[in-house]
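Structure at a glance
Each chain, letter by letter, is given below.
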Amino acid sequence: MSRLRHASDRAFTIVAYGSIFLMVAALGIILGPMILRGSTAVIFRGTVEWRRMQLERFERGDPERLREELEAVTAARAPLYAKLEEFQQGLDAERQIAAARRIFREYRDEMQARGLERQTIAQYRRDLRQVRDALTAAYETQDAVEALAHLDAADAWRGDERFMGTVAEEYFRRVDAYRQVVRSVDLERREVYLEDLNEVREALAQLLGPLPGDPPPALPMNQYGATRWDQAEPALQRLLYRVEWEPADNGEMLVQRLVPRRKAFEGTVLAGLFDVVEQDITSMLNPRWTFYPQFFTDPTRSNHFFGGIGDEVLGTLLLTLVCMLIATPLGIVSAAYLAEAREDHLFVRVLRTCINSLAGVPSIVFGLFGLAFFVLWFLPGGALIPRFEVAGRAFGPVNWPGFGLSRESSILAGGLTLAVLVLPVIIRASEEAIRAVPQTYKEASLALGAGRLRAFVTVILPAALPGILTGIILSLSRAAGETAPILFTAVFAIGPRPGSVTQPTAALSYGSFMIATADNIGPMVPHKQYGMIMTLILLVLVLNVLAILLRSRAARKLRGQ
Amino acid sequence: MGRRMTQLNDHPAASIARASRALTLTPGQDLAGYILSLAGRMVVLTITSTSILSILLIFYFVIRESLPFLSEWGAGELIVGREWYPTARPASFGGLPLIVGSLYVTGIAILIAGPLGILAAALLSDIVSFRVRQWAKPIIELLAAIPSVAYGFFAILLVAPWLQETLGMDSGRNALNAGVMLAIMALPTIVSISEDSLTAVGRELREASYGLGATRAETVLKVVIPAGRGGIIAAVILGIMRAIGETMVVWMAAGNAAAIPSPWYDLSSSVRTMTATIAAEMGETPRHTDHYYALFAIGALLLGFTFVLNMVSDYFLGRSRRTGRAKVGK
């Protein structure tokens, strides 16, 4: 019996320790990954595309060194693009035909520039047309023998002195290249290749930036390749493998399977491209460890694709600043009153109940209140009590002039809402701090002839200040982290930097929510997602650790150690 | 000699002796001082009343904005209606799925956080040394300080994929995910308030129990926790309030399907809470429409709910404080 009791006692102790351990583990499991992954927003391996983007979009970096780097990178990429170009010749008939027509026009221009007569040029071009048509026919056919015959026909003109040394010489280079292609590529499978080729081109553009010869893309996010090495790796994966979905054994779920793209292009010149990319990707992108502290101050670009979180940081700081400017004085005065007041007074009891209720109001209800009160009524003005009739006599409406703001969300409205939210936090912490000051301090100062106000301001307040400061810091962190109260009162997802407190703003908390739930952009920039939440967490953690340290120091000091 | 004289004249006592001010106040000065201190008190009182004013304004404005809905549709629809289709034509504003959703995730959270929190509180108050306690309390405080959006972020980007891939759930955004997150968020509240009330139980009871030969587990479970039950009940109620009023985590993690889980024990079903509904829909709702008023009515319901819970927890806290004080006093 007694052994059982001791065993159960031991078990109880272990379970209890387990509960605390769980909590500490939860803290680590929750914060660890977010902070670790978040730090990749600031420290990461930036590629040459990153440095190009920084120079072009943020005017940061050394243009001279970038130019040298770009030259080296272009040289490294050249064989790859050459292979791509060579392969495309065989496939993309339309593109090739367009090129052939372009050369034909350019030839005329060149001859005109040389000062030849119209009739001569026309005669030259009649012959050249035969070359062009033969080449075009070769491009168009899907039969290899026929294509070779057309190529031979075109080749008959090789060495003609009217064409050699001019732009038309290009035709014969193309004839050679295409002869190569016809021998290696199965022309009948052209359509199949073309589909794959488009995917390859897309993946290449994501990896290395726009392909040479392509028109510059309109969206900034398409104007650069993988700016970060951690983005380059999935892009490389997409380039090397095609994802296929196939039903699993149970027939319900689809399972993804990676198929090497190389297989599709086996035996063609393009098969070599995959080897080249895999081997030389580092020299093509030149990744280098990069420290990017401007992440915290740079404005966002291209809907969070580039840039930092400067707007969000600024918005959060402004919101908490407005909030604290209002809540701090109100809170300290209330706390001073409560600390001095007699407990059994009815007013004090009502006051305490109200403060407790205020602390228990759900944050989303603060949001509703902020919308109905600050945004729609207090700041713009309006009717407090609508017109009503009692016993046939009309009363009201009772109007409030307001401050002339529009009925839209603003930093001011958000800050005021947050101030109401943190008021109980400040009051409780400050009251505790004031009560912790020994009664003798007050008695001594009153005995020396100080009034109650003077005793409070010059003696009690300084002694209680560390504790009050702790409360202020804690409410600051609370205000910075809240999302629900500012949803309808102060924030937007993307917009200009606010010029004054009467405008809405971006904020870290809301921004983290948006970037975590937005399906279009979020998954493309995980470093940004985690970077934003990391910034918010670090802000709150630093404030809280500061508050804890301050409080333990204050407690030691008041104990006289 | 001359130097000594100057020093003597500079002495504060000397200047007081030379002072021409009368030692008694004139009636005018007396009155001015009285009025000044009265005015000061009025100012302090006015500022202090901000809290009272705030809570009154919150009630007034939230209820005022929900009245148009209540007068047109009635409170019954909001509480027992099963269809929440606010943008359909004709719209229906049945709030039951939302209320059930809120209670569902809160229930999961409290079933996890309640026992765990009370155990942890007992550990902190009765088992570990002062040093460990000094370390553990700030860590629990940090858990409380992490912004709710961070918990939500963790829930959808790390927990949800894990639930989906490892446990094979259809969607990782479900009641279980949100409930576990809410449990972690409610834990600090439950632990710190329970711990306060367990510590307040006092040495005498513990020593008496040990003196009778009880083990530590028996002392904690049969003596300390029953003695501190008022505070523990208050702590659990405050934990419930924290969970039911939480917005961001449930909005992000609970899946947002306005349906009652069926079968009821299916934790992997998607639910939608009252808070998440307000947060998700208010932004896109034109002002002063039925939908807008309905969302305010949900807010009023939530406000009333937490207000009552708060009163109950205040009652239990007050009772536990009184009994604690009585025990120490006598």
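Residues numbered from 1 in each chain as written. Chains lettered and ligands numbered in written order. Predicted model: local features only at pLDDT ≥ 70, side-chain atom pairs only at ≥ 80, totals over all residues. Heavy atoms only, no water.

The helix and strand inventory of chain A stands at 20 helices and 10 strands. Taken over the C-alpha trace, chain A has a radius of gyration of 37 Å; the compact-globule value for 561 residues is 24 Å, which it surpasses by more than 25%. Of all 561 residues assigned to chain A, the portion counted as buried reaches 47%. Partitioning the intrachain contacts of chain A with sequence separation of at least 6 by distance along the chain shows that 72% fall at a separation of at least 24. Here chain A displays about 27,400 Å² of accessible surface, and carbon together with sulfur accounts for 58% of that area. Each charge sign in chain A was given a centre, from 61 positive and 60 negative side chains, and these centres are 12 Å apart. (Helix = DSSP H or I, 4+ residues; strand = E, 2+ residues; numbered from the N terminus. Rg over C-alpha atoms; globule rule 2.2 N^0.38 Å. Buried < 20%, exposed > 50% of the residue type's maximum accessible area, 1.4 Å probe, protein only. Contact = heavy atoms within 4.5 Å. Areas by Shrake-Rupley, 256 points an atom, 1.4 Å probe, with all protein chains shown as cover. Lys, Arg positive; Asp, Glu negative; His and termini not counted. Charge placed at Lys NZ, Arg CZ, Asp CG, Glu CD.)

The next thing to look at is the nonpolar core. Generally speaking, nonpolar side chains in soluble globular proteins are found buried as a group. By size, the foremost hydrophobic cluster in this structure holds 184 residues, and its most contacted members are Met34(A), Ile364(A), Phe369(A), Ile434(A), Ile58(B) and Tyr151(B). Considering each element in turn, this core owes the most residues, 16 residues, to helix α5 (residues 96-127) of chain B. The residues contacting Phe369(A), other than those within four sequence positions of it, are Phe374(A), Val420(A), Leu57(B), Ile58(B), Phe61(B) and Val62(B). Of all hydrophobic cores here, the second largest spans 58 residues; its members include Leu80(A), Phe163(A), Val182(A) and Leu187(A). (Core = buried A, V, L, I, M, F, W, Y, C linked by side-chain atoms within 4.5 Å.)

This part is about the environment of Gln529(A). Here Gln529(A) is to be found in helix α20 (residues 526-558). If near-sequence neighbours (up to four positions away) are discounted, Gln529(A) is found in contact with Ile515(A), Ala516(A), Gly522(A), Pro523(A), Phe153(B) and Leu157(B).

Using the criterion set out here, one finds 36 aromatic pairs over all chains in the structure. With centroids separated by 5.6 Å and ring planes inclined at 90°, the aromatic side chains of Tyr224(A) and Phe306(A) adopt a geometry described as edge-to-face. Pair noted here: Tyr224(A) is in the loop between α8 (190-208) and α9 (229-240) and Phe306(A) is in strand β6 (residues 306-307), with a separation of 82 residues, a long-range link. The class for Phe306(A) is buried, based on a relative accessible area of 4%. Ring geometry for Trp377(A) versus Phe61(B): centroids 5.5 Å apart, planes at 50°, classification tilted. Of the two residues, Trp377(A) is situated in helix α14 (residues 363-378) and Phe61(B) in helix α4 (residues 50-80); the pairing between them involves two chains. Like Phe61(B), Trp377(A) is buried. In textbook terms, an aromatic cluster arises when at least three aromatic residues are bridged by ring pairs, as seen for Phe369(A), Phe373(A), Phe374(A), Trp377(A), Phe378(A), Trp400(A), Phe403(A), Tyr60(B) and Phe61(B). Stacked on the ring of Phe58(A), the Lys or Arg Arg301(A) has its end atom at 4.4 Å from the ring centre. (Phe/Tyr/Trp six-rings, centres within 6.5 Å; stacked < 30°, edge-to-face > 60°. Lys NZ or Arg CZ within 6 Å of the ring centre and 35° of its normal.)

Each partner contributes residues to the interface: chain A has 78 residues there, and chain B has 78 residues. Around 6,700 Å² of area is buried between chain A and chain B when both sides are counted, 79% of it from carbon and sulfur atoms. When the buried surface of chain A facing chain B is broken down by residue, Phe12(A), Met23(A) and Leu368(A) rank first, second and third, together holding 10% of it. Connecting chain A to chain B are two salt bridges. Residue Arg551(A) is joined to Glu141(B) by a salt bridge in which the shortest nitrogen-to-oxygen separation is 3.0 Å. The tally of links between chain A and chain B comes to nine residue pairs in polar contact (both at pLDDT 80 or more). Examining the composition of the side of chain A that touches chain B, we find that 21 residues originate from one element, helix α1 (residues 2-39) of chain A, more than from any other. The class makeup of the residues in the side of chain A that touches chain B is 55 nonpolar, 16 polar and seven charged. (Buried area = accessible area lost by both parts, 1.4 Å probe. Salt bridge = Lys/Arg side-chain N within 4 Å of Asp/Glu carboxyl O. Polar contact = N/O pair within 3.5 Å; in protein donor to acceptor, adjacent residues only side chain to side chain. Nonpolar A, V, L, I, M, F, W, Y, C, P; charged D, E, K, R; others polar.)

Here the focus is a negative patch on the surface. All names here are of chain A. A cluster of acidic residues, Asp-143, Glu-146, Asp-186 and Glu-188, forms a negative patch on the protein surface. Turning to its location among the elements, Asp-186 is positioned in the loop between α7 (169-184) and α8. Taking relative accessible area as the criterion, Asp-186 reaches 38% and is therefore assigned partly exposed. (Patch = residues over 30% accessible without salt bridge, like charges linked within 9 Å, V, L, I, M, F, W, Y side chains within 5 Å.)

Before going further, it helps to spend a moment on unusual backbone geometry. Note: most peptide bonds trans; most residues except glycine with negative phi. A positive phi is found at Asn286(A), a non-glycine position, where the angle reads about 55°. Note on placement: Asn286(A) falls in the loop between α11 (271-285) and β4 (288-291). A residue is classified by how much of its surface remains accessible, and Asn286(A), at 26% relative accessible area, is partly exposed. Phi at His288(B) is positive, roughly 60°, even though this residue is not glycine. With respect to the helices and strands, His288(B) occurs in the loop between α13 (274-282) and α14 (290-329).

Here the focus is the packing of helix α6 (residues 144-155) of chain A against α7(A). All names here are of chain A. Packing of α6 against α7 brings their axes to within 10 Å, and their N-to-C directions diverge by 160°. Judged by the angle between their axes, α6 and α7 are roughly antiparallel. Helix-helix and strand crossings are classified by hand; for α6 and α7 the assignment is left-handed. Residues Ala-144, Ala-147, Leu-148, Leu-151, Asp-152, Ala-154 and Asp-155 of α6 form the contact with α7, whose own contacting residues are Phe-172, Val-175, Tyr-178, Arg-179 and Val-182. (Axes fitted to C-alpha atoms, helices over the stretch in contact; angles between N-to-C directions. Parallel < 35°, antiparallel > 145°, perpendicular 65-115°, else oblique. Left-handed = near helix turned anticlockwise from the far one by under 90°.)

On to the side chain of Thr328(A). All names here are of chain A. Secondary-structure assignment places Thr-328 in helix α12 (residues 310-340). Here Thr-328 falls in the buried class, since its relative accessible area comes to 16%. At 2.6 Å, the side chain of Thr-328 and the backbone oxygen of Met-324 are in polar contact. Thr-328 has contacts with Ile-426 and Ile-472, leaving out every residue within four places of it along the chain.

So, on to the pattern of salt bridges. Residue and element names in this part refer to chain A. One pass over the full model with this rule turns up 36 salt bridges over all chains. Where Arg-67 meets Glu-71, a salt bridge forms, and the shortest distance between an N and an O atom there is 2.9 Å. Of this pair, Arg-67 and Glu-71 are both found in helix α3 (residues 63-91), four residues apart, which corresponds to roughly one turn of the helix. Look at Arg-67 and you get partly exposed, because its relative accessible area is 43%. In this structure Glu-71 comes out as partly exposed when scored by relative accessible area, which is 48%. Close ionic contact of Glu-170 with Arg-173 constitutes a salt bridge, the shortest N to O distance being 3.0 Å. Placement of both Glu-170 and Arg-173 in helix α7 is noted, with a separation of three residues, approximately one turn of the helix.

What makes a disulfide is a covalent bond joining the sulfur atoms belonging to two cysteines. Residue and element names in this part refer to chain A. Enumeration over the complete set of coordinates arrives at zero disulfides over all chains. Of the cysteine sulfurs around Cys-323, a residue in no disulfide, the closest is that of Cys-354, at 20 Å. A relative accessible area of 11% means that Cys-354 is categorised as buried. (Disulfide = S-S within 2.5 Å.)

The next point concerns a positive patch on the surface. A contiguous patch of positive charge, built from Arg553(A), Arg556(A), Lys557(A) and Arg559(A), is present on the exposed surface. By relative accessible area, Arg556(A) is classed as partly exposed at 40%.

On to the packing of α1(A) against helix α7 (residues 148-166) of chain B, then. Packed helix pairs are characterised by how far apart their axes lie and by the angle those axes make with each other. The N-to-C vectors of α1(A) and α7(B) enclose an angle of 80°; their axes lie 10 Å apart at closest approach. Classed by the angle they form, the pair α1(A) and α7(B) counts as roughly perpendicular. Taken together, the residues of α7(B) that come into contact with α1(A) (itself represented by Ile29(A), Ile30(A), Pro33(A), Met34(A) and Arg37(A)) are Ala150(B), Tyr151(B), Phe153(B), Phe154(B) and Leu158(B). In terms of residue class, the contact of α1(A) with α7(B) is built from nine nonpolar, no polar and one charged.

With that settled, the discussion passes to the confidence of the model for chain B. All names here are of chain B. The predicted model of chain B averages 85 in pLDDT, with 91% of residues at 70 or higher. In this model residues 1-8 is a low-confidence stretch, pLDDT under 50, and it forms one contact with partners more than four residues away in sequence or in other chains. The ipTM assigned to the predicted complex is 0.88, against a pTM of 0.84. (pLDDT = per-residue confidence, 0-100.)

This part covers α14(A). Because the α-helix completes a turn every 3.6 residues, residues three or four places apart line up on one side. All names here are of chain A. Look at α14: only 20 Å from first C-alpha to last across 16 residues, short of the 22 Å you get at 1.5 Å a residue. Helix geometry: α14 is bent most strongly at Gly-370, by close to 35°. Burial runs high along α14: 15 of the 16 residues are buried. (Expected span 1.5 Å × (residues − 1). Bend = angle between axes of the 7 residues up to and from the residue.)

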